[in-house]
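Examination of the molecular architecture
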Amino acid sequence: MAETLNDKVVIVTGGAAGIGGGITRTLVARGAKVVAVDINDDAGAALEQELGDSVVFISGDVSKPETAAQAVDTAVSTFGRLNGVVNNAHASRQKPFTDLEQADWDLSFGTGFEATKNFMLAAYPQLKTAGGSIVNFCSGAGINGQPTQAAYAAAKEAIRGLSRVVANEWAADNIRVNVVGPMAMTEGVQKWSEAAPELYQQSLQRIPLGRFGDPETDVAPVVAFLISDDSKYVTGQTIMADGGTNKVY
Ligand SMILES: NC(=O)c1ccc[n+]([C@@H]2O[C@H](COP(=O)([O-])OP(=O)(O)OC[C@H]3O[C@@H](n4cnc5c(N)ncnc54)[C@H](O)[C@@H]3O)[C@@H](O)[C@H]2O)c1
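Here we summarise the structure given alongside this text. All residue numbers refer to positions counted from 1 along the written sequence of the respective chain. Per-residue local features are limited, in this predicted model, to residues with pLDDT of at least 70; the limit for side-chain atom pairs, both in listing and counting, is 80 or more; totals at the level of whole chains, interfaces and linings are taken over all residues. Think of the side-chain values as coming from all heavy atoms in the structure, minus any hydrogens and water.

Quick look at the environment of G84 now. The numbering of helices and of strands both runs from the N terminus, where a helix is a DSSP run of H or I of at least 4 residues and a strand a run of E of at least 2. Counting through the fold element by element, G84 comes out in strand β4 (residues 84–87). Here the alpha-carbon distance between G84 and L127, two residues 43 residues apart in the chain, equals 7.2 Å. By definition, residues are in contact when any of their heavy atoms lie within 4.5 Å. Excluding anything up to four places from it in sequence, G84 contacts V9, V10, I11, L127, S133 and I227.

Below you can see the structure in the form of structure tokens.
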């Protein structure tokens, strides 16, 4: 029987749609309260409608440090505490390395690395009062060095490096920091599969379990485990929820 998430208050960035939407739904189904931060206002409003008082939606860009402060303040003022942060949002553009412009690097590092760093720092004063769990996101693109993904891959691997260091530094505060590497069928992946069916088939063939994951039933339960006390002896780890595509030792 999975540990319930009763009493856990969790911030989920990019928590209104895609993998983040699946994480929000699964955490709430297991008893958590969620502050979902996203730039997709329509999806955020729909999520509040669907999940009622268990979720508060904040419309905000994660690359702005004030968004992190607002999310932490909202968790405390609405639900009385903060127990976890899921740094899921990350925007990027795919181009060959030589074509990348400063704006492309800024987008990936701003929404990926800087946002992850800022949400961790903003949450720290709350998390250290009773311990907590941070779940950050990496990608097989970073682990494998996928062509056209330099800005994205570099930010993702910077997030893994940061996570390992902070796992060690904050262990004394009983704050755990882990990383999830997903592979999931989202609206974006669906559109890509229709636009580039041959590339999609090639990707599919590289997944040992033979399918793209489902955000809610394949990726979110791994995040729920890392947020829960079932994983209270797990920190500094990367766990791939990608059908076995990438092995990270
Ligand atoms: N989908 C996959 O197969 C896959 C593979 C590897 C890694 N990932 C990683 O998993 C995470 C989620 O991926 P996804 O496919 O669901 O992403 P996505 O592009 O569908 O976006 C997820 C959510 O983030 C929100 N968002 C985007 N920019 C934002 C910003 N600046 N501020 C606030 N919210 C913002 C979007 O509105 C969306 O609701 C990301 O970190 C991604 O890099 C995904």
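Let us keep going from here.
The next point concerns helix α6 (residues 150–169). A helix is expected to span 1.5 Å multiplied by its residue count minus one. When the terminal C-alpha atoms of α6 are compared, their 29 Å separation across 20 residues agrees well with the 28 Å that a helix rising 1.5 Å per residue should span. Under the scheme applied here, a residue whose accessible area is under 20% of the maximum for its type counts as buried, over 50% as exposed, and between as partly exposed, the area being computed with a 1.4 Å probe on protein chains only. Buried residues of α6: A151, Y152, A153, A155, K156, I159, R160, S163, V166 and A167, and no others.

Although it is not a glycine, D7 adopts a positive phi angle of roughly 80 degrees. Inspection of the secondary structure assignment puts D7 in the segment before β1 (9–13). A relative accessible area of 58% means that D7 is categorised as exposed. We note that N174 has phi near 60 degrees; this positive angle belongs to a residue other than glycine. By secondary structure assignment, the location of N174 is in the loop between α6 and β6 (175–182).

Residues are classed as near a molecule or strand on a simple rule: at least one heavy atom within 4 Å of it. Close to the ligand lie 24 residues, the nearest being I19, D38, N88, Y152 and K156. Polar contact criterion, stated in full: a pair of N or O atoms within 3.5 Å, where within protein one must be able to donate a hydrogen and the other to accept it, and residues adjacent in sequence count only if both atoms are side-chain atoms. Contact distances for the ligand include 2.9 Å between an oxygen atom and a backbone N or O atom of A184. When the free accessible area of the ligand is taken as 820 Å², the share hidden by the protein chains comes to 83%. Sorting the residues of the shell around the ligand by element identifies α1 (18–29) and α6 as the ones contributing at least two each. When its residues are assigned to classes, the shell around the ligand shows twelve nonpolar, nine polar and three charged. Accessibility throughout is a Shrake-Rupley quantity obtained with a 1.4 Å probe, and a residue counts as covered only by protein chains that appear here. Amino acid classes used here: Ala, Val, Leu, Ile, Met, Phe, Trp, Tyr, Cys and Pro are nonpolar; Asp, Glu, Lys and Arg are charged; the rest, including Gly, are polar.

Let us look at the side chain of T74. Along the chain, the position of T74 falls in helix α3 (residues 65–79). A polar contact of 2.7 Å, which involves the side chain of T74, links it to the backbone oxygen of Q70.

Shape descriptors only; they carry no functional weight alone.
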